[in-house]
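Geometric and topological summary
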Amino acid sequence: MRELRGGLRGFYVFLTCIALGVAAISGVNSVAGSITSGIAEEGQKILGGDVSASLVQRELDPQQLAFLESYGAVTKSTTLRTMARKLDGSDQTLVELKAVDDAYPLYGTLEGEAGSITAEELGGRAIAMEGLLGERLGLQTGDQLKLGAAEFTISDGIVSEPDRLGENFGFGPRVLMSMEALKAADLVKPGSLVRHTWRVRFDDASPANVKRFAEQARERFPDAGWRLRSRENAAPALSRNIERFSDFLTLVGLTALIVGGVGVANAVRAFLEAKRPVIATFKSLGAPGGFIFNVYLVQILLIAAGGILIGLALGALMPALAGWALAGVLPLPQSSSLAAGPLVAGAIYGFLTALVFAIWPLAIAREVPATDLFRGQGGIDFGGWPKAGYLLALAACVALLVGLAILTSENRYIASVFVGAIAFAFVLLRVVALLIQLGAKSMPHARSTELRMAVANIHRPGALTPSVVLSLGLGLALLVALALIDGNLRRQVSDNLPERAPDFFFVDIQNGEKDAFETLLSGLAPDGKVFSVPMLRGRITELRGIRTENYPVGSEGGWVLRGDRGITYARNIPENSTLSKGTWWPEDYDGEPLVSFSAEEAGELGLDVGDPVTVNVLGRNITARIASLRNVEWETLAINFVMVFSPNTFAGAPHAHLATLTLEDNVAQDAEERTALDARDGAIVRAIAAQYPAVTTVRVREALDTVNRLIGQLATAIRSAAAVALIASVLVLGGALAAGNRARVHDAVVLKTLGATRGRLVRAFVYEYAILGLVTAVFALAAGSAAAWFVVSRIMEFSYTFDPAVAGFTVLAALMMTVGFGLIGTWRILGRKAAPVLREL
């Protein structure tokens, strides 16, 4: 405590690095925990009831409805996608339509621009619309539009829909109407892709009663095929995605903390170097090495505790800041209480990082001999190895840090790969630094004095090379990887997919209208290719005789078992599919139900040819045997399904058809051609909407634009998080250069005494920093590109393209940071008076 009275000079980078990493980890987890808790606390409003039951393409039977009504008040809603059209037919757009009854909403309030919207205000032909619909079609309150076979009047704009977060992601703006209005629109036909949802407000809303409801529902209606949710699980997809995103950002925060750990090590070494006379004095007075280790370990942990407290304070503020920032984008519910778990985890990460990077230099410093007290310019050699006990303690701390990162992650495989990649990059950076020094040492003497001095500074004892390469390389490599992944993903969505994907999807084509619809499409686009398939919705209830809720599944294949899946039947193998195992059924097959399963998803679920799969379709459980596995090219966006059944499986079942239209000439070379193509596409949409108002038309380019916007928002969030690692890198770089400048004061003074000019010294330092920055940038570029290639080509299975702009930015950023920070410190060195320094030599 007495030594700490001297202030924290040299420890500001230490404090900032620890605070930054702890703030990132605790803040991200606090935000995620706050949102997850908020979803749980607001579960009734988000779900719209205490429990909900939903079915696709069919209604509840009387016994099931009576079962729901026995628990309390029930409200029903129906959701589907359709086209909203202006009355003059000049424009139309895809909307998410929701019809509600008089009891809606059971919880919360439906807010409109003019106040709360009641069920009476949605009576007759009145509708409420989301503001985006008005922007797209140029409509406002009081105007009319056409939905299906009827015309409606916009009575109000939707500001807040209480149960919107609990529903699926929508590709279009919301339109609300009454059940009577839905009947007038005549949009629900046999086989139409609609979802009916019943929500229940319990008379006894105790947790025990909610649990009892779930148990009785499973017992009384085991084959209902409905999707049941409770207020504790109001938005499972949202909660799952929040957990995954927080896991990723936690790992990014851990990267920032580890990068900051390099700054911790640099600060500790510089601190111990400054304390060398004190340590030698302790030794002269008989202090054992353990005493010295403990004295300075306590000091470093106290300073680390200060950084951790700052980080925890920032992390605790992040939920409030996130709530304010997201209010206009995604109004997520947040808990008012602050969870201790994320803050405790952040503190543990901070302390472990401080220990991991402090133990080695502390263990070396305890061995300083007492004779160093009488050596004016001797330094501590931190290149040696500590004693075995300290190495074991260091290994234990590293194991705890890695174990905490992996065991607390939802996807432990990805967390293990991420942590392994960081460790590999850390070791590789040390090797790169060593190779740079060896290369500089073996270089022939340059004729330029400044260049010769720069090369010598790179490989001499106490050189800045390891610190610069470590501090800058990891942060830049992470940014390069994320930028290249983002660029490739955008390119795949905006450029590659539209070239191979159909131009239009048409949903809910009725059986009796299929031939006439295809004839109309052929007339509207004579050069286009029309392709249609029957489409039903089904929910997998059993795999290999095991109920889906009990089926063991990894993190990759679980999505197939969640919710309803689109299914079809076919006589022949679908386009963009090839058999990988098994055989296809004959065209006239009429035996037991068979199914062809997507090979990738089958592998993730542990399925093989011959295994039974039970699917609930329209309330009926159908068990089919897997006859074959197919390789599916999902990236073409052509019609394809995880499950394709033999035609006899659904004989007589009501269903609609799904069709695509692929146009030959749909690539515009300039704005004029783009306008002409848009006009042609608009004519096709208008003609379909006029003759088949119940058919939903989806223009693929518009859907991809929506996806691109989402990718852009996600990329911005990820880059912002990754910037924390880069900021840590910059701080560590600045600290490393500042620490190295203390030793360079003597060099500069001696060289100036021997006749070196300020300009010559500046050039020597610029050469040194530029070489280090350039080599580090090349490594970061190679490592980041390799990581991006692995993610894009092996995990996402897309084609990978290198972006030269990212390379140029990386090199420029590295040079600017190393040369800039280096010259800032160097300029102060060159102004030092020679006499005081020479007296100490």
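Below is a short write-up of the structure. (Residues numbered from 1 in each chain as written. Predicted model: local features only at pLDDT ≥ 70, side-chain atom pairs only at ≥ 80, totals over all residues. Heavy atoms only, no water.)

Structural notes on the overall build of the protein
From N to C terminus, the protein includes 21 helices and 22 strands. Within the protein, the fraction of its 841 residues that count as buried is 50%. Total accessible area on the protein stands at roughly 37,600 Å², and carbon and sulfur atoms take up 60% of it. (Helix = DSSP H or I, 4+ residues; strand = E, 2+ residues; numbered from the N terminus. Buried < 20%, exposed > 50% of the residue type's maximum accessible area, 1.4 Å probe, protein only. Areas by Shrake-Rupley, 256 points an atom, 1.4 Å probe, with all protein chains shown as cover.)

Quick notes on the packing of aromatic side chains
Per the counting criterion, the structure on display carries 15 aromatic pairs. A ring pair is formed by phenylalanine 67 and tyrosine 71, whose centres lie 5.5 Å apart and whose planes are at 75°; its orientation type is edge-to-face. Judged by relative accessible area, which is 2%, phenylalanine 67 ranks as buried. On the accessibility criterion, tyrosine 71 (8% relative accessible area) is buried. Consider the rings of phenylalanine 506 and phenylalanine 517, whose centres lie 5.3 Å apart with planes at 70°: the pair is edge-to-face. Taken as a pair, phenylalanine 506 in strand 12 (residues 504-509) and phenylalanine 517 in helix 15 (residues 514-524) lie far apart in primary sequence, eleven residues in all. An aromatic cluster is defined as three or more aromatic residues linked by ring pairs; in this entry it consists of Phe67, Tyr71, Phe202, Phe213, Phe221 and Trp226. The positively charged end of arginine 125 is found above the aromatic ring belonging to phenylalanine 152, 5.8 Å away from the centroid. (Phe/Tyr/Trp six-rings, centres within 6.5 Å; stacked < 30°, edge-to-face > 60°. Lys NZ or Arg CZ within 6 Å of the ring centre and 35° of its normal.)

Points about a nonpolar patch on the surface
A surface patch of nonpolar side chains, amounting to about 460 Å² of accessible area, comprises Val427, Val431, Leu434, Leu435 and Leu438. Note on placement: valine 427 falls in helix 12 (residues 412-442). (Patch = residues over 30% accessible without salt bridge, like charges linked within 9 Å, V, L, I, M, F, W, Y side chains within 5 Å. Salt bridge = Lys/Arg side-chain N within 4 Å of Asp/Glu carboxyl O.)

Points about empty space enclosed by the protein
Scanning the entire structure with this criterion turns up three cavities of 30 Å³ or more. Space inside the largest cavity adds up to approximately 60 Å³. Lining the largest cavity are Leu55, Val56, Arg58, Gly225, Arg537, Asp564, Asn616, Val617, Leu618 and Gly619. Put simply, the parts of the chain that give the lining of the largest cavity at least two residues each are strand 1 (51-56) and strand 18 (612-617). Taken together, the residues of the lining of the largest cavity break down into four nonpolar, three polar and three charged. Looking at the second largest cavity, its volume works out to about 40 Å³. (1 Å grid on protein atoms, 1.4 Å probe; cavity = no way out; pocket = protein on both sides within 12 Å on 5 of 7 lines; lining within 4 Å. Points joined across faces, edges and corners; volume = space filled by probe spheres on them. Nonpolar A, V, L, I, M, F, W, Y, C, P; charged D, E, K, R; others polar.)

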